[in-house]
Amino acid sequence: MDFIPSLPAVAAFTLAAAVLIVTPGPDMTLFLGRALTEGRTAGIAALLGASTGLLVHTMLAAFGLSALLAASPLAFLAVKIAGALYLVWLAVQAIRKGSALALERSGGAGRTFFQNWATGLGINLLNPKIVLFFVTFLPQFVSVSDPHAGGKLAFLGLYFIALGLPACTAMILVADRFAAALRTKPAVSRAIDYLFAGVFGAFAVRILLARGQ
C-alpha cells in the first residue's frame, strides 16, 4: 500500500478537495445548468464527462510529475514552490473577484446522454486552468524524496474524483435549491470564497515556509 499517502496528508488533501468541490467553476456551471434545463440525467451525464476529463488530467499529471521527480528532484521542488505561489494567487483572486455561477434557464435542447457527457469531458479536458491546477496542486501533498510519489499522485487524483462524484451528484439532485442559494444569497458565495482563500492560502504558506527552512 505504498501508493497511499500518510494519514495527515490524506486529511489535509480531503479538506482542500472539499473546499474546491463546492467552489463554483465552469464544470459546476455546466452540470447544474444541464440539470436545470434538461433534467437530472443530463446533469449526471455532464458530471460524468467532467470527471472523465479530471481522470485524464490525473494520469497525465501523475506520470509527468513522477518522471520529473525521477529526472530531477530539484525541478520537482521548483514545481512545488511554483504551485504554492499559484495557490496564493488563487486565494487572492477568490477574495478580489469571487466565484460566479451564471446558469441559463432556457428550454432544454434535447441533447443525448453522450452529447452531455462529451460536453462535460471537453469543459475539463480543454481547460488550461485545470491542467495548471493539477500539475501544481497535487505535488503539495507528496515529498520530493518519496520513491512512491507517482503512485501517490495518482491516488490523490482518483481520490479527488471519488470525493467529487457523490457531492456533485447531490448538488444535481437539489439543483434548484443549490443554484438559488449561490445566486440569490451573496453571503453563501462569499463564505465559500473566503473559505477557499483561507484553506489554499494556508497550504501555500506552509509549503513556502517549509522550503525556506
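Residues numbered from 1 in each chain as written. Predicted model: local features only at pLDDT ≥ 70, side-chain atom pairs only at ≥ 80, totals over all residues. Heavy atoms only, no water.

> So, the packing of aromatic side chains: which residues are in play, and what are the values?
For any pair of aromatic rings, geometry is given as the distance between the ring centres together with the angle between the planes. Inspection of every chain in the model, using the stated rule, returns 14 aromatic pairs. Ring geometry for Phe134 and Phe160: centres 6.2 Å apart, planes at 85°, overall edge-to-face. Of the two residues, Phe134 sits in helix α6 (residues 128-137) while Phe160 sits in helix α7 (residues 149-173), which places them 26 residues apart along the sequence. Comparing Phe134 with Phe160 shows no difference in burial state: the two are buried. Here the aromatic residues Phe3, Phe13, Phe133, Phe137, Phe141, Phe155, Tyr159, Phe196, Phe200 and Phe203 are joined through ring pairs into a cluster of three or more. (Phe/Tyr/Trp six-rings, centres within 6.5 Å; stacked < 30°, edge-to-face > 60°. Helix = DSSP H or I, 4+ residues; strand = E, 2+ residues; numbered from the N terminus. Buried < 20%, exposed > 50% of the residue type's maximum accessible area, 1.4 Å probe, protein only.)

> Pulling in residues and values, what's your account of the packing of helix α1 (residues 7-22) against α7?
Close contact between α1 and α7 brings their axes to 10 Å; oriented N to C, the two are set at 40°. It follows that α1 is oblique to α7 by the angle criterion. Pair α1 / α7 crosses with right-handed handedness. Of α7, the residues touching α1 (which contributes Val10, Phe13, Thr14, Ala17, Leu20, Ile21 and Val22) are Phe155, Leu156, Tyr159, Phe160, Leu163, Gly164, Ala167, Cys168 and Met171. Taken together, the residues of the contact of α1 with α7 break down into 14 nonpolar, two polar and no charged. (Axes fitted to C-alpha atoms, helices over the stretch in contact; angles between N-to-C directions. Parallel < 35°, antiparallel > 145°, perpendicular 65-115°, else oblique. Left-handed = near helix turned anticlockwise from the far one by under 90°. Contact = heavy atoms within 4.5 Å. Nonpolar A, V, L, I, M, F, W, Y, C, P; charged D, E, K, R; others polar.)

> Tell me about helix α4 (residues 73-96), residues and numbers included.
Over its 24 residues, α4 runs 35 Å from end to end, which matches the ideal 34 Å to within 8%, given 1.5 Å per residue. Those residues of α4 lying buried are Phe76, Leu77, Val79, Lys80, Gly83, Ala84, Tyr86, Leu87, Leu90, Ala91, Gln93 and Ala94. Phi for Gly98, located one or two positions after α4, is positive at around 75°. (Expected span 1.5 Å × (residues − 1).)

> Got a sec to walk through the pattern of salt bridges? Specific residues and values, please.
Counted under the stated rule, the structure contains four salt bridges. A salt bridge links Lys152 to Asp146, with the nearest nitrogen and oxygen atoms 2.6 Å apart. Summarising the burial analysis for this pair, Lys152 and Asp146 share the class buried. Between Asp193 and Arg190 there is a salt bridge; the shortest N-O distance is 3.0 Å. Of this pair, Asp193 and Arg190 are both found in helix α9 (residues 186-212), three residues apart, which corresponds to roughly one turn of the helix. Overall, the relative accessible area of 28% leaves Arg190 in the partly exposed class. (Salt bridge = Lys/Arg side-chain N within 4 Å of Asp/Glu carboxyl O.)

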